[in-house]
Amino acid sequence: MKRILSIVIIVCALLTSCNDEPSLQKYFVEKTENKNFIALDLSPNMLNIDSSKLTADETAALKSFEKVNILAFKLNDSNKAEFESEKVKVSKILKEEKYQQLMKFGSGKDGASVSFVGDDEHIDEFVFYANKKETGFAVVRVLGKNMNPTGIMTLMSVLKNANVDLEQLKPLQQMFAK
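Just so you know, these numbers come straight off a predicted model, no measurement behind them. (Residues numbered from 1 in each chain as written. Predicted model: local features only at pLDDT ≥ 70, side-chain atom pairs only at ≥ 80, totals over all residues. Heavy atoms only, no water.)

S.K.: Pulling in residues and values, what's your account of the packing of helix H3 (residues 56–64) against helix H5 (residues 149–160)?
M.R.: The relative placement of two packed helices comes down to the angle between their axes together with the axis-to-axis distance. For the pair H3 and H5, interaxial distance at closest approach is 9 Å and the crossing angle is 100°. For the element pair H3 / H5, the angle class is roughly perpendicular. Contact residues: Asp57, Glu58, Ala61 and Leu62 in H3; Gly151, Thr154, Leu155, Ser157 and Val158 in H5. In the contact of H3 with H5, the residues fall into four nonpolar, three polar and two charged. (Axes fitted to C-alpha atoms, helices over the stretch in contact; angles between N-to-C directions. Helix = DSSP H or I, 4+ residues; strand = E, 2+ residues; numbered from the N terminus. Parallel < 35°, antiparallel > 145°, perpendicular 65-115°, else oblique. Contact = heavy atoms within 4.5 Å. Nonpolar A, V, L, I, M, F, W, Y, C, P; charged D, E, K, R; others polar.)

Structure, rendered in structure tokens:
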């Protein structure tokens, strides 16, 4: 009897933990194989940063950073309808309660936004979304543990001095070179 009860509890836990709520992670996984998308993952190792030259704040910011996921849709004459549809899907996901918008800017059909998941001092994900009606859109997820806005700004300044292998970013450069 105890064994049956244990199995029922486990099955119930599995069923309640699986939800159909849209998320960027699910969206990234679904679109990775789509020919209209370019997907890149960047880890801290790719940054080639000399940690001996970092301040304590810069080191802490870098340690809170785990990886960056980039998903970009390349617009062309044959996929305009899909572009509009995918833009709506991403916008809908970013309006979910777990994504808190920090800022939004742009004009007309071009624009960008910055959102995050977590609370003000313990952010697990920053999301940068930008779209341009002539070229497409990109979603960038900066993932980490206990990041904060100050740490992200510090990380951005560290990235300026990073020795990133630009060959790995070629697909994105070509996409937005129009």
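S.K.: Account for the sheet that holds strand S4 (residues 110–119), with residues named and values stated.
M.R.: If you walk across this open sheet you meet the six strands as S1-S2-S6-S5-S4-S3, and the pairing is antiparallel. Each edge of the sheet is formed by a strand with only one pairing partner; in this case those strands are strand S1 (37–42) and strand S3 (100–107). With direction set aside, neighbouring strand axes in the sheet form an average angle of 10°. Examined bridge by bridge, strand S5 (residues 122–132) and strand S6 (residues 136–147) share nine bridges and lie antiparallel to one another. By the bridge assignment for S6, valine 127 is matched with arginine 141. (Pairing = 2+ DSSP bridges.)

S.K.: So what's going on with the pairing of strand S2 (residues 65–74)? Residues and values would help.
M.R.: For S2, a buried count of seven out of 10 residues is recorded, marking the element as mostly surrounded by other parts of the structure. Note: S1 against S2, six bridges, orientation antiparallel. Within the sheet, the bridge partner assigned to phenylalanine 37 lies in S2 and is phenylalanine 73. Relative to S6, S2 is paired through nine bridges, and the arrangement is antiparallel. (Buried < 20%, exposed > 50% of the residue type's maximum accessible area, 1.4 Å probe, protein only.)

S.K.: Just give me the short version of the pairing of S5, but keep the residues and values in it.
M.R.: The pairing of S4 with S5 spans nine bridges and is antiparallel. Its bridge partner being in S5, valine 117 is matched across the sheet by glutamate 125. Turn length for the S4-S5 hairpin, with the two strands adjacent in sequence and antiparallel, is two residues. Counting the residues that bridge the hairpin from S5 to S6 gives three residues.

S.K.: Can you lay out a nonpolar patch on the surface for me, pointing to particular residues and giving the numbers?
M.R.: A cluster of nonpolar residues, Leu102, Met103 and Phe105, forms a patch on the protein surface that exposes about 300 Å² of accessible area. Residue placement: methionine 103 occurs in strand S3. (Patch = residues over 30% accessible without salt bridge, like charges linked within 9 Å, V, L, I, M, F, W, Y side chains within 5 Å. Areas by Shrake-Rupley, 256 points an atom, 1.4 Å probe, with all protein chains shown as cover. Salt bridge = Lys/Arg side-chain N within 4 Å of Asp/Glu carboxyl O.)

S.K.: Give me the packing of aromatic side chains: which residues, what numbers.
M.R.: A complete count under the given rule lists eight aromatic pairs for this structure. Taking the centre distance of 6.2 Å and the plane angle of 80° together, the rings of tyrosine 27 and phenylalanine 37 count as edge-to-face. Of this pair, tyrosine 27 sits in helix H2 (residues 24–31) while phenylalanine 37 is found in strand S1, placing the two residues 10 residues apart along the sequence. Members of the aromatic cluster, each reached through a chain of ring pairs, are Tyr27, Phe37, Phe73, Phe83, Tyr129 and Phe137. Between arginine 141 and the ring centre of phenylalanine 28, over which it is positioned, the NZ or CZ distance is 5.5 Å. (Phe/Tyr/Trp six-rings, centres within 6.5 Å; stacked < 30°, edge-to-face > 60°. Lys NZ or Arg CZ within 6 Å of the ring centre and 35° of its normal.)

S.K.: Which residues make up unusual backbone geometry, and what values do they have?
M.R.: Despite not being glycine, asparagine 146 has its phi angle at roughly 55°, a positive value. In this structure, asparagine 146 sits in strand S6. The class for asparagine 146 is partly exposed, based on a relative accessible area of 46%.

S.K.: Residues and numbers for H5, please.
M.R.: Residues three or four positions apart in an α-helix share a direction because the helix packs 3.6 residues into each turn. Helix length check: H5 (12 residues) gives 17 Å between terminal C-alpha atoms against 16 Å at 1.5 Å per residue, within 8%. Taken as a whole, H5 has its buried residues at Gly151, Ile152, Thr154, Leu155 and Val158. Down the axis, H5 shows its buried residues gathered within 160° of arc, on one side only. Seen from the open side of H5, the exposed residues pointing more than 90 degrees away from its buried face are Thr150, Met153 and Lys160. Packed against the buried residues of H5 are H3, S2, S5 and S6. The distance from a side-chain oxygen at the start of H5 to the backbone nitrogen of threonine 150 is 3.1 Å, and the residue carrying that oxygen is asparagine 148. (Expected span 1.5 Å × (residues − 1). Arc of directions from axis to C-beta. Polar contact = N/O pair within 3.5 Å; in protein donor to acceptor, adjacent residues only side chain to side chain.)

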